[in-house]
Amino acid sequence: MKISVVGCGYLGAVHAACMAELGHEVIGVDVDERKIAALQAGTAPFYEPGLPELLARVSATGRLTFSTDMAAAAGADAHFICVGTPQTHGEFRADLTYVDAATRQLAPFLRPGDVVAGKSTVPVGTAERLAATLEATGATVVWNPEFLREGFAVHDTLHPDRLVYGLPTDEDGVTTPAGEKAKAVLDEVYAAPLAAGTPLVVTDRATAQLVKVAANSFLATKISFINAMAELCEATGADVTRLADAIGFDPRIGRKFLNAGLGFGGGCLPKDIRAFMARAGELGVSDALGFLQEIDAINMRRRVRMVDLAREVCHGSIVGRRVAVLGAAFKPDSDDVRDSPALSVAAQMQLQGAHVTVTDPQAIANARAAWPDLRFAETALEAARGADVVLLATEWPEYRELDPDRLGAVVAAKAMLDGRNVLDPARWRSAGWTYRALGRP
Ligand code: UDX
């Protein structure tokens, strides 16, 4: 099948490469010339495990091409909208500039019966609005949300845990004939994962748009729930990691996404819960999502608490103190620093007078672009040299496996703040370190 993918960022580049891997003929389009040049050369414009190998493999087949010219999308049977929907500056709602621009630019190249499948995370109602915009083209707008996690994006796209199709429906809620035809096109696109038994949820467009934000809101809630428990643990001397283990054995609760620490960041969870609240307000049901305000607040409080913890181990003041921050990416296996808790805490400490050196295996370039005033080091040992306190802020495997004695030999004071609750407190304490963590005695 001939497919176009509009927007080649973390979502679109992976989607395009994976669709080519599934055997389709794919054209990826993006306005960013640098990104397209890299992809055309078969290299990934960002760090994502497995993507460079996949790009090399599918580029060699000739099934995957890239262009900055939207005209290249002409003739594709399915067009996937994968552009970003960031938070609007100074507001909670999603900025739909890129979605609207992509749709407008795609319109002249659409043929009747073409499928326009939205993958971007959008406020519910956007699909219906785009469908009205594109009505004259005869194309069918469907919503097909994407649930990929950065760091596992290739796996999640090739082996999704579910597929969701949001199809146009009539006033009785029945899928329209055009919707049925679009479903057949999507079935062909996803023939391989469907044959492998991937569950498929076919629904209306509104539900499909809500699925994505509901899923991300639930995940954010789970993380903030355990971080709220961490606050309780701090007040009582309890251990949140053991608490999470114990409640996680209940299969109704589950242990996944119950890791307390610096909380969630990245390009999705924070802006998605805010956009969801903004949309609920527009729909007159803001009370329904009032709790998300608290989820956001709990999340942000963890960052403040971590700065306080640094102050405590520095005997009351971080002014002039040297702090090593291990990790800049919002999570391991990514170079993404958007709303990164690690960088946010690093920057706060720097602004409060500490001398902060940040290291990260992949994200230094992005971190430096975002916070040029911070100092950067290539390795953990280099960052920690002469440090009064070390903060593990992103749980990269190499930081989890750090040797307390080797690190202890280069620091000025053996103070470890475990922002992700991944180190063994007994091991670090027996090596002479002061070990402090969020939600742990
Ligand atoms: C998320 C969703 O998981 C994915 O399904 C959706 O498509 C996009 O948004 P992603 O942003 O890649 O994916 O990251 P995710 O793995 O969900 O982690 C989000 C944040 O939560 C990270 O900052 C991570 O460190 C934090 N987190 C995660 C915790 O603090 N504790 C946990 O237990 C899990």
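Definitions and limits used
Residues numbered from 1 in each chain as written. Predicted model: local features only at pLDDT ≥ 70, side-chain atom pairs only at ≥ 80, totals over all residues. Heavy atoms only, no water. Domains from an automatic or database assignment. Buried area = accessible area lost by both parts, 1.4 Å probe. Salt bridge = Lys/Arg side-chain N within 4 Å of Asp/Glu carboxyl O. Pairing = 2+ DSSP bridges. Helix = DSSP H or I, 4+ residues; strand = E, 2+ residues; numbered from the N terminus. Axes fitted to C-alpha atoms, helices over the stretch in contact; angles between N-to-C directions. Contact = heavy atoms within 4.5 Å. Buried < 20%, exposed > 50% of the residue type's maximum accessible area, 1.4 Å probe, protein only. Disulfide = S-S within 2.5 Å.

**Observations concerning the domain arrangement of the protein**
Interface size, as often reported, equals the accessible area lost upon joining of the parts.
Piece 1. Domain parsing of the protein yields domain 1 (2-198), domain 2 (213-296) and domain 3 (297-437).
Piece 2. The C-alpha centroid of domain 3 is placed 37 Å from the C-alpha centroid of domain 1.
Piece 3. Here domain 1 and domain 3 share an interface that buries about 700 Å² over both sides, 45% of which is from carbon and sulfur atoms.
Piece 4. Counting across the domain 1 and domain 3 interface gives one salt bridge.

**Overview of the sheet that holds strand β14 (residues 434-437)**
Piece 1. Read from one edge to the other, the open sheet built from six strands follows the order β11-β10-β9-β12-β13-β14, with strand pairing classed as parallel. In this open sheet, the two edge strands, each paired with only one partner strand, are β11 (375-377) and β14. On average, adjacent strands in this sheet sit at an angle of 25° to one another, irrespective of strand direction.
Piece 2. Taken strand by strand, helix α13 (residues 341-351) contacts β9 (322-326), β10 (355-359) and β12 (389-392), and its axis lies near 160° from that of β10.

**Some details on the pattern of salt bridges**
Piece 1. As enumerated under the stated definition, the model contains 28 salt bridges in all.
Piece 2. Residue Glu 91 is joined to Arg 93 by a salt bridge in which the shortest nitrogen-to-oxygen separation is 2.6 Å.
Piece 3. Under the relative-accessibility criterion, Arg 93 is labelled partly exposed at 36%.
Piece 4. With its nearest N and O atoms 3.2 Å apart, the salt bridge here joins Glu 312 to Arg 305.
Piece 5. Judged by its relative accessible area of 40%, Glu 312 is partly exposed.
Piece 6. Salt bridges here are not isolated pairs; linked through shared partners, they connect Glu 234, Arg 302, Arg 305, Glu 312 and Arg 436.

**Quick word on the state of the cysteines**
Piece 1. For the coordinates displayed, the defined rule picks out zero disulfides.
Piece 2. You can see Cys 8 has no disulfide; the closest cysteine sulfur is in Cys 82, sitting 7.9 Å from it.
Piece 3. A relative accessible area of 0% places Cys 8 in the buried class.

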